[in-house]
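Observations on the model geometry
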Amino acid sequence: MTGPAHGADDDRAHGDGDPARDAAARACAIAALPHWGLADAGLDFVAARENVVFRVRAADGRRYALRIHRAGYHDLDELLAEHAWTTALSDAGIPTPRPVPTLAGEAYAEAPWAGPSGGTRQVGLIDWIDGVPMPDAIAGGRADPVVLLEAIGALIARMHAQAVVWTPPPNFRRPLLDADGLIGERPWWGSFWDLPEF
């Protein structure tokens, strides 16, 4: 096992040198953009991990993150729950990308996936927030590790404080990442003990 146990493998492989998979991800993103009135926007690949992520550059200068969600990883209710919580975090003053609804007012658009697993994918658009990956900030000397970790701890505390007083909407459902969800018999991200490194 090399990654999360959920979702179609061909959704996660963008950028690994497989032109067919890279093309499937880009085609899915291009097919989704008109749902936000962004058919002519620029599109830059960012990452393929939990989702395939592209940076979208709109003609008016605004930037967004377009996320193609893997089939079978999260259902629509779980994706809507994520939007509800990230919106609540943003409303509480915590820097969190806000979801951008489609022109039809929907949270997600469905777009075709031309990879080997076929079907369609849920595609979402969120505001772009600039940042630097933590290892790059430390290695590049942009941040003192102690100061950076203190800031992360303070941010986590603010998130915890928000979660303690927040009432989730009805039907709120996300994977439970407690001890069982992380290291139980069937952990959400797969059997880490099967990795060759262990």
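Residues numbered from 1 in each chain as written. Predicted model: local features only at pLDDT ≥ 70, side-chain atom pairs only at ≥ 80, totals over all residues. Heavy atoms only, no water.

**Quick word on the packing of aromatic side chains**
We describe a pair of aromatic rings using the distance from one ring centre to the other and the angle between the two ring planes. Within the structure shown, the criterion is met by four aromatic pairs. Aromatic pair tryptophan 85 and tryptophan 166: ring centres 6.4 Å apart, planes at 15°, arrangement stacked. Separated by 81 residues along the polypeptide, tryptophan 85 in helix α2 (residues 76-91) and tryptophan 166 in the loop between α4 (145-165) and α5 (179-183) bring together distant segments of the chain. Residue tryptophan 166 is classed as partly exposed on the basis of its relative accessible area, which comes to 21%. Three or more aromatic residues link up through ring pairs in this structure, and these residues are Trp85, Trp166 and Phe172. A cation sits over an aromatic face here: arginine 70 above tyrosine 73, 4.1 Å from the ring centre. (Phe/Tyr/Trp six-rings, centres within 6.5 Å; stacked < 30°, edge-to-face > 60°. Helix = DSSP H or I, 4+ residues; strand = E, 2+ residues; numbered from the N terminus. Buried < 20%, exposed > 50% of the residue type's maximum accessible area, 1.4 Å probe, protein only. Lys NZ or Arg CZ within 6 Å of the ring centre and 35° of its normal.)

**Considering helix α1 (residues 19-32)**
For α1, built from 14 residues, the straight-helix expectation of 20 Å at 1.5 Å per residue is met to within 8% by its first-to-last C-alpha distance of 20 Å. The set of residues buried in α1 consists of Ala24, Ala25, Cys28, Ala29 and Ala32. Buried residues in α1, looked at end-on, bunch into an arc of 130°, giving them a common side. Of the exposed residues in α1, those oriented more than 90 degrees away from the buried face are Pro19 and Ala20. Elements in contact with the buried residues of α1: β1 (42-48), β2 (51-57), β3 (63-69), β4 (109-112) and β5 (120-127). (Expected span 1.5 Å × (residues − 1). Arc of directions from axis to C-beta. Contact = heavy atoms within 4.5 Å.)

**A closer look at the environment of alanine 157**
Residue position: alanine 157 is located in helix α4. Overall, alanine 157 belongs to the partly exposed group, its relative accessible area being 45%. A sequence separation of 67 residues divides alanine 157 from serine 90, and the C-alpha atoms of the two residues are 15 Å apart.

**Topic: a nonpolar patch on the surface**
A cluster of nonpolar residues, Leu177, Leu182, Ile183, Trp189, Phe192, Trp193 and Phe198, forms a patch on the protein surface that exposes about 720 Å² of accessible area. Note on placement: phenylalanine 198 falls in the segment after α5. (Patch = residues over 30% accessible without salt bridge, like charges linked within 9 Å, V, L, I, M, F, W, Y side chains within 5 Å. Areas by Shrake-Rupley, 256 points an atom, 1.4 Å probe, with all protein chains shown as cover. Salt bridge = Lys/Arg side-chain N within 4 Å of Asp/Glu carboxyl O.)

**A look at the nonpolar core**
Ranked by size, the top nonpolar core spans 24 residues in total, and within it Leu38, Val56, Leu66 and Ile68 carry the most contacts. Secondary-structure elements contributing two or more residues to this core are α1, β1, β2, β3, β4 and β5. By residue number, the principal contributor to this core is α1, which donates five residues. Excluding residues that lie within four positions of it along the chain, leucine 38 makes contacts with Leu33, Val56, Ala58, Tyr64 and Leu125. (Core = buried A, V, L, I, M, F, W, Y, C linked by side-chain atoms within 4.5 Å.)

**Focus on the packing of α2 against α4**
Two numbers describe how α2 lies on α4: the axes approach to 10 Å, and their chain directions differ by 115°. Of the possible angle classes, the one that applies to α2 and α4 is roughly perpendicular. Crossing geometry of α2 relative to α4 is assigned as right-handed. Mapping the contact onto sequence places Trp85, Ala88 and Leu89 in α2 and Met159, Gln162 and Ala163 in α4. For the contact of α2 with α4, the class distribution of residues is five nonpolar, one polar and no charged. (Axes fitted to C-alpha atoms, helices over the stretch in contact; angles between N-to-C directions. Parallel < 35°, antiparallel > 145°, perpendicular 65-115°, else oblique. Left-handed = near helix turned anticlockwise from the far one by under 90°. Nonpolar A, V, L, I, M, F, W, Y, C, P; charged D, E, K, R; others polar.)

**Thoughts on the pairing of β5**
Most of β5 is tucked away: six of the eight residues are buried. Across five bridges, β3 lies against β5 in antiparallel orientation. Its bridge partner lying in β5, arginine 67 is registered against glycine 124. Pairing of β4 with β5, which is carried by four bridges, proceeds in the antiparallel orientation. Its bridge partner lying in β5, alanine 109 is registered against valine 123. (Pairing = 2+ DSSP bridges.)

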